[in-house]
Amino acid sequence: MRERKRGSHRRVSTSPWRYVVATWLAGVLAAVGLGAVSPAGSALRSSLGLSAGALAWATSSITAVSAVLGIPAGWWISRLGAHRALSGGLFVMSMATAVSATAGSWGVLLGSRIVEGVGYLLVFVAGPVVLTRMTQGGIRSAALALWGTCVPTGLAIAAAAGGVLASRWTWNRWLALTGLGPLIMAGVLAAVLPRLPRTPAQHPRRAAGTWSGAVRLGAAYGSLSLVGVAVVMVLPLFLTEYREVTPTVAGTVVALVCLGSALGGLAASWLLGRGLALSSLVPLGALMPVACLPAFSADFPLAVSGGAAMLVLLVDGLLISAVFAAVPGVVSRAEHLDVANGILNQVGSVGILLGPPVFGLTIAAAGWGTVAAATFLFGGLGTVLLLTGARPSANGPADRAPPLDVGEGSERSRKTPDVSKPDRNRI
């Protein structure tokens, strides 16, 4: 009887939300690094003698790494282990940021940002894998939808904190501060997260179904991200040049609009956590082009236009979070999650890179009225791809798989499998 009680005590599980919150914070801090250069842009240009184009390359180089190396990163993480990749990626970001903070030339700044992009990629491929393996059912859907809020939340923190501190500090001190959070979080994750087993290598032919579903979701993510990033990038220009508001007012409006994306992701997390089907969220995509009409029109009061732009980002953030929640359902085998998330990040990053120039060229050619048309085209494509890509979710093995045993018991209880049951936890 005494042994039985001991054994049952070892199987008591810790709430998965402990790991969900820690993983989410890792993603938020990584996203702060993504947006760290923009608030200090003027000081960087003056100090290093950079052109606007050179600064733009330093800003976007992190995302460019994901657009090139997302799939290889997925393969590598499947062998390294998601928990190692997550904390390791944060550590790489912290070290690269330290170099950026001491950069004396554009070449050093660009090189350190590229290395930082490698760490960023590791975090954003490994993070959803960790969440999937730690959770199940409604909690899994809610956790993955919550992960979709990492980027807008991190960018909002970078913009708000950077706007205050970058004007009072040197750009070196500001960048150094943004590298401190990932370093601390890397240590926290190393101590908190249990060890996740490495996934075995799979023959590409056996994963054909996974790749096609992941590519569809990646294209959905890319199309939706293209819309969100483009709207945020062109809105300040519209407000200052077309509506002739002050830069301070424009900055406030854009900050509130960005908040809409995070709120949309939180709404998706709440709805999916309560069992709402992914397909029920897809029709909301029709609101984005409709809301763009008053958002980019001078015929409406500024409060109405700002609210409409916020609605665009809210729906966009909600659907992006739904994309992340759909990934476990499209994999044919649970061990394909790493590469599936690599595909999602690589294809999605292409959309993020293309968004501003595509919308900019469209506006230059045909005026601000075309923003709604471009949003209809790319937003509609994203919602259709999400709907078709998420259909297999009811049958996806990773969506049904139980979480890894994360109890407070001994190391032996985690390492020794129970041979009386199918070994479904070793994913």
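Residues numbered from 1 in each chain as written. Predicted model: local features only at pLDDT ≥ 70, side-chain atom pairs only at ≥ 80, totals over all residues. Heavy atoms only, no water.

Caption draft 1: Structural view of the overall build of the chain. Helix and strand counts for the chain stand at 17 helices and zero strands. Burial status across the chain gives 52% buried among its 427 residues. Partitioning the contacts of the chain with sequence separation of at least 6, the portion at a separation of at least 24 is 84%. In the structure as shown, the chain presents an accessible area of about 18,300 Å², 66% of it carried by carbon and sulfur atoms. (Helix = DSSP H or I, 4+ residues; strand = E, 2+ residues; numbered from the N terminus. Buried < 20%, exposed > 50% of the residue type's maximum accessible area, 1.4 Å probe, protein only. Contact = heavy atoms within 4.5 Å. Areas by Shrake-Rupley, 256 points an atom, 1.4 Å probe, with all protein chains shown as cover.)

Caption draft 2: Main features of the packing of aromatic side chains. Across all of its chains, the model carries seven aromatic pairs by this definition. Their ring planes at 65° and their centres at 5.2 Å tell us that Tyr-221 and Phe-324 sit as a pair that is edge-to-face. Pair noted here: Tyr-221 is in helix 10 (residues 208–242) and Phe-324 is in helix 13 (residues 302–330), with a separation of 103 residues, a long-range link. Their ring planes at 10° and their centres at 5.9 Å tell us that Phe-296 and Trp-368 sit as a pair that is stacked. With Phe-296 in the loop between helix 12 (287–295) and helix 13 and Trp-368 in the loop between helix 14 (337–366) and helix 15 (370–390), the pair connects residues that are 72 residues apart, well separated along the chain. On the basis of relative accessible area, Phe-296 is assigned to the buried category, the value being 6%. By way of ring pairs, the aromatic residues Phe-238, Tyr-242, Phe-296 and Trp-368 are connected into one cluster. One residue, Arg-173, lies across the ring of Trp-169, its end atom 4.6 Å from the ring centre. (Phe/Tyr/Trp six-rings, centres within 6.5 Å; stacked < 30°, edge-to-face > 60°. Lys NZ or Arg CZ within 6 Å of the ring centre and 35° of its normal.)

Caption draft 3: Structural detail: the packing of helix 7 (residues 137–147) against helix 11 (residues 247–273). At a minimum axis distance of 7 Å, the contact between helix 7 and helix 11 shows a crossing angle of 175°. In terms of orientation, helix 7 lies roughly antiparallel with respect to helix 11. Contacts between helix 7 and helix 11 involve Gly-138, Ser-141, Ala-142, Ala-145 and Leu-146 from the former and Gly-265, Leu-266, Ala-268, Ser-269, Leu-272 and Gly-273 from the latter. Partitioning the contact of helix 7 with helix 11 into residue classes produces six nonpolar, five polar and no charged. (Axes fitted to C-alpha atoms, helices over the stretch in contact; angles between N-to-C directions. Parallel < 35°, antiparallel > 145°, perpendicular 65-115°, else oblique. Nonpolar A, V, L, I, M, F, W, Y, C, P; charged D, E, K, R; others polar.)

Caption draft 4: Structural context of helix 4 (residues 52–80). When the local axis directions of helix 4 are compared, the greatest deviation, roughly 70°, occurs at Leu-69, which is followed within four positions by the proline Pro-72. Immediately beyond the C-terminal end of helix 4, within one or two residues, lies Gly-81, with a positive phi of roughly 110°. (Bend = angle between axes of the 7 residues up to and from the residue.)

Caption draft 5: Representation of helix 6 (residues 106–134) in the model. Here helix 6 spans 41 Å end to end across 29 residues, near enough to the 42 Å set by a 1.5 Å rise per residue. Along helix 6, the helix axis deviates most sharply at Ala-126, where the bend reaches about 25°; the proline Pro-128 sits within four residues downstream. Here helix 6 lies mainly inside the structure; 22 of its 29 residues are buried. (Expected span 1.5 Å × (residues − 1).)

Caption draft 6: Expanded view of a nonpolar patch on the surface. Together, Phe-91, Met-95, Leu-177, Leu-180, Leu-183, Ile-184 and Val-188 line one region of the surface with nonpolar side chains, adding up to about 580 Å² of accessible area. Of all the secondary structure elements, the ones that give two or more residues to the nonpolar patch are helix 5 (82–101) and helix 9 (171–192). Here the element with the most residues in the nonpolar patch is helix 9; it accounts for five residues. Mapped onto the secondary structure, Leu-177 falls in helix 9. With a relative accessible area of 35%, Leu-177 lands in the partly exposed category. (Patch = residues over 30% accessible without salt bridge, like charges linked within 9 Å, V, L, I, M, F, W, Y side chains within 5 Å. Salt bridge = Lys/Arg side-chain N within 4 Å of Asp/Glu carboxyl O.)

Caption draft 7: A look at the confidence of the model for the chain. Here the chain shows a mean pLDDT of 79. Residues at 70 or above account for 83%. Of all helices and strands in the chain, the one with the weakest mean pLDDT is helix 17 (residues 411–415) (37), whereas helix 5 scores best (92). Low pLDDT, under 50, characterises residues 201–205; the predicted model gives this stretch six contacts beyond four residues in sequence or across chains. Every residue in residues 405–427 scores below 50 in pLDDT, and together they form 32 contacts with partners more than four places removed in sequence or on other chains. (pLDDT = per-residue confidence, 0-100.)

Caption draft 8: Structural context of the nonpolar core. By size, the foremost hydrophobic cluster in this structure holds 98 residues, and its most contacted members are Leu-235 and Phe-296. When neighbours within four sequence positions are excluded, Phe-296 is seen to be in contact with Val-231, Val-234, Leu-235, Phe-238, Trp-368 and Val-371. Listed in part, the 16 residues of the second largest apolar core include Leu-48, Ala-54, Ala-101 and Leu-175. (Core = buried A, V, L, I, M, F, W, Y, C linked by side-chain atoms within 4.5 Å.)

Caption draft 9: Focus on unusual backbone geometry. Even without being glycine, Glu-244 reaches a positive phi, approximately 60°. Mapping Glu-244 onto the fold places it in the loop between helix 10 and helix 11.

Caption draft 10: How the structure looks around the pattern of salt bridges. Here the structure, examined in full by the defined rule, presents one salt bridge. Note that Glu-116 and Arg-113 form a salt bridge whose closest N and O atoms lie 3.4 Å from each other. Within this pair, Glu-116 and its partner Arg-113 are both found in helix 6, separated by three residues, close to a single helical turn. Take Glu-116 and Arg-113: they sit in the same class, and that class is buried.

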